[in-house]
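Descriptive structure summary
For reference, the chains in residue letters:
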Amino acid sequence: MEHLIPRRGNYKNLISYQKADAIYQITYYFCCRYLIKGDRTIDQMIQAARSGKQNIIEGCAASTTSSKTEIKLVNVAKASLKELLEDYEDFLKTRGFRQWERGSREHDAMRRLGKEHNDAEFFMKLIQVRPPETIANMAIILLNQADYLLFKQLERLEDDFMREGGFSERMTRMRKQQRGF
């Protein structure tokens, strides 16, 4: 039986959310530890990381009654994480650090770790003993993975909407069924 208000899954089960949560925790640690107190970049990076995570949550919460809002918020999460990606890349450039190239040993190893692990605790243990340029590179790879996951999530949301419609269409369909039309 179709429900007017569908029972949706828990956002904490979304891999995109798990990655975003790890990115937020890494970013908070990174900014507090390696950026100079008073630097506006600290607030901007932490807020971009937080926005990525929180908009996934808000999109999931809105999904029961508004596909449009869900899609918009997931896209805002994606945009916030793109902004954060640029901040990490700027950190490396402005300090003369090397960004790991695709195919490099470090890049490939981190991509594998990012595919195998989504929990923040795992990455927080790793970064405790790494220099800032390594942490920034790790975050860049996780951000690229999160971007891909959010892109796929948006594609799925689009497909779901095209196949099932939105809340208003569901209301009309259910009302017609109730009346016997």
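Right above here is the structure, for reference.
All of these numbers come straight from a predicted model, not from anything done at the bench. (Residues numbered from 1 in each chain as written. Predicted model: local features only at pLDDT ≥ 70, side-chain atom pairs only at ≥ 80, totals over all residues. Heavy atoms only, no water.)

**Focus on helix 2 (residues 40-62)**
Its 23 residues place the ends of helix 2 32 Å apart at the C-alpha level, agreeing with the 33 Å of an ideal helix rising 1.5 Å per residue. Capping the start of helix 2 is the job of one residue whose side-chain oxygen sits 2.8 Å from the backbone nitrogen of Thr 41: Asp 39. (Helix = DSSP H or I, 4+ residues; strand = E, 2+ residues; numbered from the N terminus. Expected span 1.5 Å × (residues − 1). Polar contact = N/O pair within 3.5 Å; in protein donor to acceptor, adjacent residues only side chain to side chain.)

**Some thoughts on the nonpolar core**
Judged by nonpolar contacts, the single largest core of 43 residues is most densely connected at Ile 26, Phe 30, Leu 81, Leu 84 and Tyr 88. Mapped onto this core, the elements with two or more residues apiece are helix 1 (15-34), helix 2, helix 3 (67-94), helix 5 (120-127) and helix 6 (132-164). Once residues within four sequence positions are removed from consideration, Tyr 88 is found in contact with Ile 26, Thr 27, Phe 30, Met 45, Ala 136, Ala 139, Ile 140 and Leu 143. (Core = buried A, V, L, I, M, F, W, Y, C linked by side-chain atoms within 4.5 Å. Buried < 20%, exposed > 50% of the residue type's maximum accessible area, 1.4 Å probe, protein only. Contact = heavy atoms within 4.5 Å.)

**A look at the packing of helix 4 (residues 105-116) against helix 6**
Between helix 4 and helix 6, whose axes approach to 10 Å, the crossing angle comes to 50 degrees. Relative to helix 6, the element helix 4 lies oblique. The handedness of the crossing between helix 4 and helix 6 comes out as right-handed. Here helix 4 contributes His 107, Met 110, Arg 111, Gly 114 and Lys 115 to the contact with helix 6, which in turn contributes Met 138, Ile 141, Leu 142 and Gln 145. (Axes fitted to C-alpha atoms, helices over the stretch in contact; angles between N-to-C directions. Parallel < 35°, antiparallel > 145°, perpendicular 65-115°, else oblique. Left-handed = near helix turned anticlockwise from the far one by under 90°.)

**Points about the pattern of salt bridges**
By the definition in use, this model includes 8 salt bridges. We note a salt bridge from Lys 82 to Asp 147, for which the minimum N-O separation is 3.5 Å. Of this pair, Lys 82 sits in helix 3 while Asp 147 sits in helix 6; the two residues are 65 residues apart in sequence, bridging distant segments of the chain. Accessibility expressed as a relative area gives 16% for Asp 147, which makes it buried. For Arg 156, the salt bridge goes to Asp 160, with nearest N and O atoms at 3.3 Å. (Salt bridge = Lys/Arg side-chain N within 4 Å of Asp/Glu carboxyl O.)

**A word on the side chain of Lys 78**
Inspection of the secondary structure assignment puts Lys 78 in helix 3. For Lys 78, the residues in contact, after removing those within four places along its chain, are Asp 147, Leu 150, Phe 151 and Leu 154.

**A look at the environment of Lys 19**
Along the chain, Lys 19 falls in helix 1. Classification of Lys 19 as buried rests on a relative accessible area of 4%. With 34 residues separating them along the chain, Lys 19 and Lys 53 place their C-alpha atoms 8.5 Å apart. Those residues in contact with Lys 19 that lie beyond four places of it in its chain are Gly 114, Lys 115, His 117, Asn 118, Leu 142, Gln 145, Ala 146 and Leu 149. Of note is the side chain of Lys 19, whose polar atom sits 2.7 Å from the side chain of Asn 118.

The values are spatial; any link to function lies outside them.
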